[in-house]
Amino acid sequence: MTKPAVLWFRRDLRLADHPALLRAVADSPEVLALFVADDAVLVPSGAPRRVFLAGCLERLSSALGGRLLIAAGRPEQVVPAVAAAVGASAVHVSADYGPYGRRRDARVEKALAATGVELIGSGSPYAVAPGRVRKPDGSRYAVFTPYYRGWTAHGWRAPARTADPVTWLDPSSVDGPQLRSAADLGLPLDPSTTLPEPGEAAARQVWQDFLHSKDSHNHDSHNEYSDSGHSPETAAGRYGLDTYPDQRNRPDHAGTSQMSPYLKWGCIHPRTLLADLAASGSPGAASYRRELAWREFYADVVFHRPESLHTSLDPAIDRLTGDTGKTADERLAAWKAGKTGYPYIDAGMRQLLAQGWVHNRVRMGVASFLIKDLHLPWQVGAAHFMDHLVDGDYASNNHGWQWVAGSGPQAAAFYRIFNPIGQGEKFDPDGTYVRRFVPELRDIPGKAVHRPWELPGGAPADYPTPIVDHAAERTESLRRWESRARS
């Protein structure tokens, strides 16, 4: 008699395009669906990511007819106990290539092997698994552009077929592990924070909306945000894939796909997106495919250099002198609260608090401001983002911060310092984005919102004055960089 199998869900909270599910069904007619509430993953996650995860698990459990077992504890203890409880011969997973995931899976594999159970990995959260794309001599790619060429030449599999009907085991029959409900995994969320709809069905709908939206906009018109929904991408008249190359850098427009939270938890697989891009014939497909490759590149960098999650790939960046003391702490608090006195920066930081998400172009601006205007290390900003991002992914987030800091692969040079006013005027020319998130400035029309201190009566009384002088701090950043170079 064939023994049951366990399918351990991690960053693959879906049923479609799921190689590990296919392998489990091929090996056994009965499958137990398991999610382990692992404190090593949950504790570092802020409320937005925890709440979104809980929602994704609820949707997955519903799709399984309520037959998702959520067990709390250390995976190397929980997984063998669950496998033993159902008499499983194998535990199936989507392979994890992150530093913690690899260590965890090694411990679980060892614990399972001691009981005669196999841990079988099939697929991963990536179109091409980290470590797979290499130079002809076998070494890793350290720079994105050649990696992208290698990644494209390597190619990826077509989406996995839909699994045959599955007999999901009833989790109520499992004794032993400490059980949890999906709702237990969430944290109290500020009631003013609006997150995207979680789950696989939502992921597919958001993607299809983006894929098939046609540009019917006047690009010079005042395209105000909707006051409802998660982000501008939920506003009526969003932009889609066709205009992505032009609109993806405009935080005042609904020009991005909003797929990052779903990719984070595997509600949809990037291979599915790549297949749809190839079939679309859209002029935006190549640009979007390149952005997916950045996500895979950063995962590849972390696979080879796991220490780069916390230390700069260029050691010179970590040797820069940073500010400390009371004034530095006060400025950091103002940055976190979106009260720096620079409207574009404040809009970005308030968007983070309101939506658990920040437009990527704005992420670069607020990061540059923290590192080069406030003279604080990128690690401080990266940690704050991971506390609040619904799409928080350590590889993408921390290496995005390194890029701005002037470290990491193909990074902007340290002396590339974004002007917090000029960035707003360039990418939010009508001030729409600022007015959406900084209500104190809502009555200031047009681009004047980026320089409220220049208004005849000055800035509104309830809006802070700039906490630093950008020109002076730019000069100071360059001085510190040159001093480091001479030391």
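Structural data are supplied above this passage.
Residues numbered from 1 in each chain as written. Predicted model: local features only at pLDDT ≥ 70, side-chain atom pairs only at ≥ 80, totals over all residues. Heavy atoms only, no water.

Trainee: Looking at this structure, I do not really get the packing of aromatic side chains. What am I missing?
Mentor: The description of an aromatic ring pair uses the distance of the two centres, along with the angle that the planes make with each other. One pass over the full model with this rule turns up 25 aromatic pairs. Their ring planes at 50° and their centres at 5.3 Å tell us that Trp 207 and Tyr 288 sit as a pair that is tilted. Highlighted residues: Trp 207 in helix α7 (residues 200-212) and Tyr 288 in helix α11 (residues 285-304), separated in sequence by 81 residues. Here Trp 207 falls in the buried class, since its relative accessible area comes to 1%. Among the aromatic residues, those joined into a cluster by ring pairs are Tyr 141, Phe 144, Tyr 147, Tyr 148, Trp 151, Trp 156, Trp 294, Phe 297 and Tyr 298. Between Arg 436 and the ring centre of Phe 437, over which it is positioned, the NZ or CZ distance is 4.9 Å. (Phe/Tyr/Trp six-rings, centres within 6.5 Å; stacked < 30°, edge-to-face > 60°. Helix = DSSP H or I, 4+ residues; strand = E, 2+ residues; numbered from the N terminus. Buried < 20%, exposed > 50% of the residue type's maximum accessible area, 1.4 Å probe, protein only. Lys NZ or Arg CZ within 6 Å of the ring centre and 35° of its normal.)

Trainee: I'm lost on helix α5 (residues 99-113) in this one. Help?
Mentor: The end-to-end C-alpha distance of α5, which contains 15 residues, comes to 21 Å, matching closely the 21 Å that a straight helix rising 1.5 Å per residue would cover. Within the sequence span of α5, burial applies to Pro 99, Gly 101, Arg 104, Asp 105, Val 108 and Leu 112. Tucked inside the fold, the buried residues of α5 contact β1 (5-9), α4 (75-86), β4 (90-93), β5 (118-121) and α11. (Expected span 1.5 Å × (residues − 1). Contact = heavy atoms within 4.5 Å.)

Trainee: Explain the pattern of salt bridges here, please?
Mentor: Within the structure shown, the criterion is met by 22 salt bridges. Here Arg 10 and Asp 105 are joined by a salt bridge, their closest N and O atoms 2.8 Å apart. Of this pair, Arg 10 sits in the loop between β1 and α1 (19-27) while Asp 105 is found in helix α5, placing the two residues 95 residues apart along the sequence. Each member of the pair, Arg 10 together with Asp 105, is buried. (Salt bridge = Lys/Arg side-chain N within 4 Å of Asp/Glu carboxyl O.)

Trainee: I keep staring at the packing of helix α16 (residues 378-388) against helix α17 (residues 394-405) and nothing clicks. Help me out?
Mentor: Relative placement of two packed helices is described by the angle separating their axes and the distance separating the axes. Two numbers describe how α16 lies on α17: the axes approach to 9 Å, and their chain directions differ by 145°. Two packed elements cross with a definite hand, and for α16 against α17 that hand is right-handed. On α17, the residues touching Trp 378, Gly 381, Ala 382, Phe 385 and Met 386 of α16 are Tyr 394, Asn 397, Asn 398, Trp 401, Gln 402 and Ala 405. (Axes fitted to C-alpha atoms, helices over the stretch in contact; angles between N-to-C directions. Left-handed = near helix turned anticlockwise from the far one by under 90°.)

Trainee: Quick question: what am I supposed to make of unusual backbone geometry here?
Mentor: Both trends apply: most residues other than glycine have a negative phi, and most peptide bonds are in trans. A positive phi is found at Gln 258, a non-glycine position, where the angle reads about 65°. The exposure class assigned to Gln 258 is buried, which follows from its relative accessible area of 7%. With a phi close to 60°, His 375 is a non-glycine residue in the positive phi region. For His 375, the position within the fold is in the loop between α15 (360-373) and α16. With relative accessibility at 5%, the residue His 375 sits in the buried group.

Trainee: Please clarify how the environment of Ser 287 should be interpreted in this entry.
Mentor: With respect to the element layout, Ser 287 can be found in helix α11. Separated by 164 residues in the primary sequence, Ser 287 and Gly 123 place their C-alpha atoms 25 Å from one another. Setting aside residues no more than four positions away along its own chain, Ser 287 makes contact with Tyr 244, Pro 245 and Arg 248.

Trainee: Sorry if this is basic, but what is going on with the pairing of strand β3 (residues 68-72) here?
Mentor: On a regular strand, each side chain points to the face opposite its neighbour's, so the side chains alternate between the two faces of the sheet. Most of β3 sits out of view: 5 of its 5 residues are buried. Side chains of β3 alternate between two faces, with Leu 68, Ile 70 and Ala 72 and Leu 69 and Ala 71 buried alike. Across 5 bridges, strand β2 (residues 30-37) lies against β3 in parallel orientation. Looking across to β3, one finds that Ala 37 is bridged to Ala 72. Taken together, the 2 bridges between β3 and strand β7 (residues 178-179) define a ladder with antiparallel strand orientation. Each bridged residue has a counterpart across the sheet, and for Ala 71 the counterpart in β7 is Leu 179. (Pairing = 2+ DSSP bridges.)

Trainee: Help me understand the packing of α11 against α17 in this model?
Mentor: Closest axis-to-axis distance for the α11/α17 pair is 9 Å, and the angle between their directions is 90°. As summarised for this structure, α11 and α17 are arranged roughly perpendicular, according to the angle between their axes. Contacts between α11 and α17 pair Arg 295, Tyr 298, Ala 299, Val 301 and Val 302 from the former with Ala 395, Ser 396, His 399, Gly 400 and Trp 403 from the latter. (Parallel < 35°, antiparallel > 145°, perpendicular 65-115°, else oblique.)

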